[in-house]
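Structural features, examined
Here is what each chain is made of, one letter per residue.
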Amino acid sequence: MTLTDAAPLTSIDAPHPRKDRYVVIFVGAVLMGIGGLIFNVLPILLGSMADSLKLSHQQFGYVGSSFLLGFAGVPATAPLWLARVDWRRLALASLIILAASLAACAVWQSLAVILLALFAAGTTSGLIFSLSVNILGSTPNSERSFIVATLISLLMAALWIWTMPTMVIPEWGMTGALWGSAGFAVCVVFLTPLFPKRRADASTQAGAKNAAGSPIPVLLGLTGLGIFDIGLIGLWSFLERMGREQGLSELLIAQAFSLEKLCVLLTCVAAFWLSGRVSKRFAVIASFSGICAAAMLLGLTQGSASYIAAVCIFGAFWTFGYPFQVSAITDADPNGRYAGMLPAFMGVGSAIGPALAGQFAGKDDYTVVFMLMTGACFIGTLLILMALRMSKKTS
């Protein structure tokens, strides 16, 4: 038996299944981290491009949209081909193309090349993220696997978010930021021998998956997460503006987001401990409730203390609910056919949210934004709960 075989994940009688399981969780988590890395640092990366290339607001929007379109577009077709390809080869090719695309942006600094290259980078990032969801979703107690992946993703993003604007961009500008981002992908290439070639047939685990195999629960869950992200990212994208319009200093806002990152890390630890002790239904409802509490703090109170508390609560409950939401979707998808579409729904929701919120944000008045965005989160939560109920995975 080798570490690259998917079979050890499907048989509780296989020799040393726990060792192989931990390796698969680790590589799945790293894939999720690299798949979401450019998405997470996109505002900083786009800012360096805008400064270096003197992009207009319209060009700036096109550049960002090219990545998001790739990230959401190809994964939407995942049910047609994901189960038929060799995952290890797909991951290797995607990582190489991702690194090459970012390098192309650094070498040929023209708008046309950057638009094409970032579309390719978005496509490969979405493919890598799709693979990670399927790999982690095939493991026993998948919510814990997603919690570990969330933690590793956050650490990777935090490392690059901190070093890029403080060390890399001041010294090497946009070129350094792009080469550094490509370097992350190159490093992960060396882990490809550990990647499984196929999804584990987790349906053999007793009572673990939706026996009927109907696509309705997983599609409900995916739609719910996409709508939830409309509200979530719509609010998140305006948190900095809300603080500034309250008269808070840039330093205090930066401190609030730094403290939020600490709360997020602690939340990952708490979520890991609570996994198996609370139901996915409870976690999903708790996440929505915390986000509503943060929105109420922002909308009804003023001042530095309430702003810092709201930012921290928002980030903590977002992080707490996310692994359980994704686990609920993969549990409803016994063969991993539809869960690979997750980046598509996330990407579309993340693109719609800020644009929609921007249409209704008034100066010093975000009442309509709060109502619309929390309403989207509510609808998304209901759909995810319906998916949980229909797939009989409310454990």
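Residues numbered from 1 in each chain as written. Predicted model: local features only at pLDDT ≥ 70, side-chain atom pairs only at ≥ 80, totals over all residues. Heavy atoms only, no water.

This part takes up the packing of aromatic side chains. Here the structure, examined in full by the defined rule, presents nine aromatic pairs. Chaining the aromatic ring pairs together yields one cluster made of Phe39, Phe67, Phe71 and Phe129. (Phe/Tyr/Trp six-rings, centres within 6.5 Å; stacked < 30°, edge-to-face > 60°.)

Further remarks concern the environment of Ala50. Checked against the element boundaries, Ala50 lands in helix H1 (residues 17-53). With a relative accessible area of 17%, Ala50 lands in the buried category. C-alpha separation for the pair Ala50 and Phe60, spaced 10 residues apart in sequence, amounts to 6.5 Å. Each residue touching Ala50, except ones within four places of it in the same chain, is listed here: Leu55 and Phe60. (Helix = DSSP H or I, 4+ residues; strand = E, 2+ residues; numbered from the N terminus. Buried < 20%, exposed > 50% of the residue type's maximum accessible area, 1.4 Å probe, protein only. Contact = heavy atoms within 4.5 Å.)

A rise of 1.5 Å per residue sets the reference length of helix H11 (residues 304-331), with its 28 residues, at 40 Å; its end C-alpha atoms lie 41 Å apart and thus fit the reference within 8%. Buried residues dominate H11, accounting for 21 of its 28 residues. (Expected span 1.5 Å × (residues − 1).)

Our next topic: a nonpolar patch on the surface. On the surface, Val348, Ile352, Leu356, Phe360, Val368 and Leu372 cluster together into a nonpolar patch covering about 450 Å² of accessible area. Looking at the nonpolar patch, the elements with two or more residues in it are helix H12 (342-360) and helix H13 (367-390). Relative to the assigned elements, Val348 resides in helix H12. (Patch = residues over 30% accessible without salt bridge, like charges linked within 9 Å, V, L, I, M, F, W, Y side chains within 5 Å. Areas by Shrake-Rupley, 256 points an atom, 1.4 Å probe, with all protein chains shown as cover. Salt bridge = Lys/Arg side-chain N within 4 Å of Asp/Glu carboxyl O.)

It is worth spelling out the nonpolar core at this point. The biggest cluster of nonpolar side chains holds 75 residues, and the ones touching the most others in it are Ile34, Met49, Leu118 and Leu342. The element that contributes the greatest number of residues to this core is H1, accounting for 16 residues. Setting aside chain neighbours within four positions, we find Leu118 in contact with Met49, Val63, Ser66, Phe67, Leu102 and Cys105. Phe228, Leu248, Phe288 and Ala310 belong to the second-largest nonpolar core, a separate cluster that totals 28 residues. (Core = buried A, V, L, I, M, F, W, Y, C linked by side-chain atoms within 4.5 Å.)

Looking at the secondary structure, you find Leu98 in helix H4 (residues 87-107). Once the C-alpha coordinates of Leu98 and Phe119 are considered, the two residues, 21 residues apart in sequence, prove to be 9.9 Å apart. Once residues lying within four places of it in the same chain are set aside, the contact partners of Leu98 are Ile34, Ala121, Thr124, Ser125, Ile128 and Ala185.

Summed over the entire model, instances satisfying the criterion amount to three salt bridges. Two residues, Lys280 and Asp331, come together in a salt bridge whose shortest N-O distance is 3.0 Å. One end of the pair, Lys280, is in helix H10 (residues 280-300); the other, Asp331, is in helix H11, with 51 residues separating them in the sequence. The pair Lys280 / Asp331 is uniform in exposure class, with both members buried. Taken together, the shared-partner salt bridges in this structure form one network comprising Glu143, Lys280 and Asp331.

A complete count under the given rule lists zero disulfides for this structure. Unpaired in this structure, Cys377 has its nearest cysteine sulfur neighbour in Cys292, at a distance of 7.0 Å. (Disulfide = S-S within 2.5 Å.)

Turning our attention to the side chain of Ser142. Summarising the element assignment, Ser142 is placed in helix H6 (residues 142-189). You can call Ser142 buried: its relative accessible area is 3%. Within the local environment of Ser142, its side chain forms a polar contact with the side chain of Asp331, the two groups lying 3.4 Å apart. Apart from the residues within four sequence positions on either side, Ser142 is in contact with Leu136, Gly137, Ser327, Thr330 and Asp331. (Polar contact = N/O pair within 3.5 Å; in protein donor to acceptor, adjacent residues only side chain to side chain.)

Bringing the environment of Ser391 into the picture now. Residue placement: Ser391 occurs in the segment after H13. Judged by its relative accessible area of 2%, Ser391 is buried. Sequence spacing of Ser391 and Pro334 is 57 residues, and the spatial spacing of their C-alpha atoms is 9.8 Å.

Across the protein, pLDDT averages 81, with 89% of residues at or above 70. Averaged pLDDT values for the elements of the protein fall to 77 in helix H3 (residues 78-81) and rise to 93 in H4. Below pLDDT 50 for its whole length, residues 1-17 participates in 30 contacts with residues either more than four positions away or in separate chains. (pLDDT = per-residue confidence, 0-100.)

Where H12 meets H13, the closest approach of the two axes is 8 Å, and the angle between their N-to-C directions is 145°. Viewed along their axes, H12 and H13 form a crossing whose handedness is right-handed. Within the contact between the two elements, H12 uses Gly353, Leu356, Ala357 and Phe360 and H13 uses Val368, Val369, Leu372 and Met373. (Axes fitted to C-alpha atoms, helices over the stretch in contact; angles between N-to-C directions. Left-handed = near helix turned anticlockwise from the far one by under 90°.)

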